[in-house]
Amino acid sequence: MTGFEIGVISIIAMLLLIYVGMHVPVVLALISFVGVWIIKGNIKIAISLLWISAAKTVSDFLFGVIPLFVLMGLLVSAAGMGRDTYDIAQNALRRVRGGLGMATVVANAIFAAITGVSIASATVFTRISVPEMLRYGYNGRFAVGTVAGSSVLGMLIPPSILLIIFALIAEESVGDLFIAGIGPGILLTLAFCGLIAIMAYGFPSLVAQPGALDAHMDQKKMPRGELWRKTYPIVILILVVLGGIYAGLYTPTEAGAAGAFVAFLFAVARRQLTFRKLWDILVETGHITATLLFLIIAASMYSRMLGISGLPTELGKVIGDAQLSLTELLVLYVVILIILGTIIDSVSIMLIAVPLYLVVLAPFNVDLVWFGVVTVIAVEIGLLTPPLGLAVYVIKSTLVQKDISLADIFIGAAPFALTMLFVLILVMIFPEIPLALVDLKRSLN
Amino acid sequence: MASGWIFVLMLLVTLDIVLRFVFNAPLSGVTEIVEISIVTILYLQLAHTLKVGRVTRSDALYGRILMKWPWVGNIMGIVFHAAGVGLMIAIIIGGWPKWLQAYHGGHFVGNTGVFTFPEWPQRFVLVIGCGMLAIQFFLSIVDNIRGLMGKPPLEHEEAVDVEVAAVEESQR
């Protein structure tokens with residue numbers, strides 16, 4: 001067998017094993033181990049490949065960015081800032097038809113700017129905004145769909161773990177990717193709000209029971225002092241993290257540490273943090289970090305194996321011979337990502353697909369920062385699509401209202417998934433959406 | 001312990017930033033400490049992460065098989081977890097001589113004269129971590145075998161969902 005054949009077989013075997021439920025890092029490590037063993041005919045080389053990846057991959061200052069941003073996100077949640085963002089957004093949108101839905105979207109966008117994990121947003125807002133929408137007579141399906149749809153903003157608006165991981169794979173600047181996420185993030189927020197407005201005016205029966213749509217308009221305005229008290233910690237956190245990176249004051253890892261520290265101070269000042277709770281948060285941070293790093297290590301074994309098999313170069317040749325244009329390649333890529341996204345989690349997909357595609361795209365000179373944003377949006381659509389939309393499962397498991405089924409959440413989230421697809425196409429046609437701010441920053445430095 | 005260390009790291013890096021900007025006197029060695037720590041945290045935490053079921057897997061199909069045909073599911077489980085044990089043993093075989101080499105050779109990381117730290121502890125932690133992970137995978141095999149014989153699994157630990165806890169508290 002040639003290296004190329006082994007490479008192709010390994011990809012099929014890998015997807016199969018992941019699908020039947022083997023631990024993803026174990027699959028990646030196993031496939032690489034066996035692959036190298038067969039190609040080189042020497043088990044010692046295979047063992048040393050495992051060890052080198054295990055020891056060297058994550059031993060870099062840059063990887064400190066993962067535990068620190070995870071810690072920051074959890075501290076922010078513990079400080080009760082998820083609730084605050086919702087209160088602020090609801091206050092601003094209380095006189096708008098469908099305002100509770102839009103408030104969920106906007107609150108998610110703000111919350112996304114101070115945390116990095118989609119799943120965190122999904123959990124927090126399932127508990128905060130779903131009961132609120134149901135109380136005002138909104139449909140359950142619409143309420144959970146809105147939460148599911150808007151939770152994906154968490155991965156697009158910086159800081160974001162997915163953007164960080166893409167930067168690590170593609171060896172791009174984490175700061176640039178963060179800044180590139182801002183434009184599409186705002187666009188997606190607006191698109192979601194637009195979608196809700198269309199639904200609320202055009203098809204009110206989809207959103208709420210008859211007559212219930214305007215019921216929340218008589219809510220009182222939040223007193224100015226309270227508004228200020230809830231707003232300033234969020235503003236400070238955004239300034240510390242994004243401001244610091246944008247101004248080039250410090251590295252993303254340091255921004256993560258500073259952000260986590262500030263979030264810690266707020267949580268303590270609000271008396272939301274006991275020792276017991278801090279410990280739980282730290283253990284959880286450890287779990288998430290270990291999960292992500294284990295995946296990254298396994299993925300680096302896999303990309304080393306691919307390198308040895310020669311598959312990427314061969315694939316590049318095949319694609320060169322096929323005379324595919326860049327547009328066709330990208331459409332193919334997005335379709336593959338969305339299909340994979342129905343079965344596999346976002347991080348694993350990126351770790352599997354991106355290294356291969358980087359080689360394929362190399363002759364086209366694409367801006368990898370833009371490519372990263374496209375990847376993240378495409379992968380995130382998979383979070384909302386059956387049979388295995390991760391965000392949907394998280395919402396189902398956190399939901400108190402047991403009469404809302406998984407199918408309801410998928411149906412409710414469908415319009416949002418379509419809107420994401422629309423935004424994704426816009427970003428692909430107009431690379432300026434993510435890149436304008438990045439170019440501005442590049443020209444400053 | 002590994003989890004507590006993340007907190008220390010946060011303080012350390014923040015301190016480094018503050019010192020650098022306010023007093024123009026950066027701490028030396030923070031970069032190296034962070035680099036060593038990432039590896040250490042990972043391998044000390046990994047076995048526990050597997051224990052509470054947080055290592056990434058797509059378990060929708062597996063879970064369904066386990067419910068419908070526990071027999072098939074458990075045999076699949078044994079195969080999956082045995083692969084985990086095997087790989088960990090392979091890494092230990094690869095890593096064992098490396099840590100001895102680093103220990104006896106007196107290898108270190110960092111820049112001479114600025115900040116140095118011996119290399120062997122992180123190499124050693126890797127071996128230990130993989131060993132614990134192998135044991136944890138092995139315990140999962142034991143669970144699967146118990147499942148085949150119709151016995152309940154060994155004791156289980158569930159991860160605390162901190163986000164849900166936080167939201168519920170804020171609503172009180």
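None of the values given here were measured: they were computed from a predicted structure.

Student: What should I look at first to understand the overall build of chain A in this one?
Tutor: Scanning chain A from terminus to terminus reveals 22 helices and 0 strands. In summary, chain A has a C-alpha radius of gyration of 22 Å against a globular reference of 22 Å for 445 residues, a match within 12%. Oriented by its inertia axes, the alpha-carbon framework of chain A measures out at about 75 × 45 × 45 Å. The burial tally for chain A puts 63% of its 445 residues in the buried class. Contacts spanning at least 24 positions in sequence make up 79% of the contacts within chain A whose residues lie at least 6 apart. Positive and negative side-chain charges of chain A, numbering 25 and 24 respectively, have mean locations separated by a distance of 11 Å.

Student: Quick question: what am I supposed to make of the interface of chain A and chain B here?
Tutor: One frequently used descriptor of interface size is the decrease in accessible area upon assembly of the parts. Opposite the 68 residues of chain A that make contact, chain B presents 64 residues. Roughly 5,900 Å² is buried in total at the junction of chain A and chain B, and carbon and sulfur atoms are behind 74% of that figure. When residues of chain A are sorted by the area they lose upon contact with chain B, His23(A), Trp51(A) and His287(A) head the list and together hold 13% of the total. Put simply, chain A and chain B have 0 salt bridges between them. Counting across the interface, chain A meets chain B through 2 residue pairs in polar contact (both at pLDDT 80 or more). Secondary-structure elements contributing two or more residues to the side of chain A that touches chain B are helix 1 (3-20), helix 2 (24-40), helix 3 (43-56), helix 4 (65-78), helix 7 (118-135), helix 14 (252-269) and helix 15 (275-309) of chain A. Here the side of chain A that touches chain B gets 19 residues from one element, more than from any other, and that element is helix 15 of chain A. When the residues that make up the side of chain A that touches chain B are grouped by side-chain class, the tally is 47 nonpolar, 12 polar and 9 charged.

Student: Even after reading the chapter, I still don't get the nonpolar core, so can you show me in this structure?
Tutor: Side chains that are nonpolar tend, in soluble globular proteins, to be buried together. Counting residues in hydrophobic clusters, the biggest one holds 203 residues, and the most contacted among them are Ile66(A) and Tyr43(B). Other than its neighbours up to four places away in sequence, Ile66(A) contacts Ile161(A), Ile164(A), Ile165(A), Leu168(A), Thr289(A), Leu292(A), Leu293(A) and Ile296(A).

Student: Explanation requested: the packing of helix 4 of chain A against helix 14 of chain A in the structure shown.
Tutor: The geometry of a pair of packed helices is captured by two quantities: the angle between their axes and the separation between those axes. All names here are of chain A. At a minimum axis separation of 8 Å, helix 4 and helix 14 run at an interaxial angle of 20°. Considering their axes alone, helix 4 and helix 14 lie roughly parallel with respect to each other. Between helix 4 and helix 14 the crossing geometry is left-handed. Within the contact between the two elements, helix 4 uses Val65, Leu68, Phe69, Leu71, Met72, Leu75 and Val76 and helix 14 uses Pro252, Thr253, Ala255, Gly256, Ala257, Gly259, Ala260, Ala263, Phe264 and Ala267. Taken together, the residues of the contact of helix 4 with helix 14 break down into 14 nonpolar, 3 polar and no charged.

Student: I keep staring at the packing of aromatic side chains and nothing clicks. Help me out?
Tutor: In this description, a pair of aromatic rings is defined by centroid distance and the angle of the planes. Residue and element names in this part refer to chain A. Under the defined criterion, the tally for this structure stands at 13 aromatic pairs over all chains. Aromatic side chains Tyr232 and Phe266 sit 6.1 Å apart centroid to centroid with 75° between the ring planes, which places their arrangement in the edge-to-face category. Of this pair, Tyr232 sits in helix 13 (residues 224-246) while Phe266 sits in helix 14; the two residues are 34 residues apart in sequence, bridging distant segments of the chain. Residue Tyr232 is classed as partly exposed on the basis of its relative accessible area, which comes to 32%.

Student: Whenever I open this one, the pattern of salt bridges confuses me. Can you help?
Tutor: It is possible for side chains bearing opposite charge to pair when their charged atoms get close. Residues and elements named next belong to chain A. This structure, assessed with the given rule, holds 7 salt bridges over all chains. In this structure, Asp87 and Arg83 form a salt bridge, with 3.9 Å as the shortest nitrogen-oxygen distance. With Asp87 and Arg83 both in helix 5 (residues 81-92), this residue pair falls 4 residues apart, about one helical turn. Each member of the pair Asp87 and Arg83 is classed as buried. Of the charged contacts in the structure, one is a salt bridge between Asp87 and Lys230, with a shortest N-O distance of 2.7 Å. Here Asp87, found in helix 5, pairs with Lys230, found in helix 13; they are 143 residues apart in sequence, far enough to count as distant. By relative accessible area, which is 15% here, Asp87 ends up buried.

The rules we used
- Residues numbered from 1 in each chain as written.
- Chains lettered and ligands numbered in written order.
- Predicted model: local features only at pLDDT ≥ 70, side-chain atom pairs only at ≥ 80, totals over all residues.
- Heavy atoms only, no water.
- Helix = DSSP H or I, 4+ residues; strand = E, 2+ residues; numbered from the N terminus.
- Rg over C-alpha atoms; globule rule 2.2 N^0.38 Å.
- Buried < 20%, exposed > 50% of the residue type's maximum accessible area, 1.4 Å probe, protein only.
- Contact = heavy atoms within 4.5 Å.
- Lys, Arg positive; Asp, Glu negative; His and termini not counted.
- Charge placed at Lys NZ, Arg CZ, Asp CG, Glu CD.
- Buried area = accessible area lost by both parts, 1.4 Å probe.
- Salt bridge = Lys/Arg side-chain N within 4 Å of Asp/Glu carboxyl O.
- Polar contact = N/O pair within 3.5 Å; in protein donor to acceptor, adjacent residues only side chain to side chain.
- Nonpolar A, V, L, I, M, F, W, Y, C, P; charged D, E, K, R; others polar.
- Core = buried A, V, L, I, M, F, W, Y, C linked by side-chain atoms within 4.5 Å.
- Axes fitted to C-alpha atoms, helices over the stretch in contact; angles between N-to-C directions.
- Parallel < 35°, antiparallel > 145°, perpendicular 65-115°, else oblique.
- Left-handed = near helix turned anticlockwise from the far one by under 90°.
- Phe/Tyr/Trp six-rings, centres within 6.5 Å; stacked < 30°, edge-to-face > 60°.

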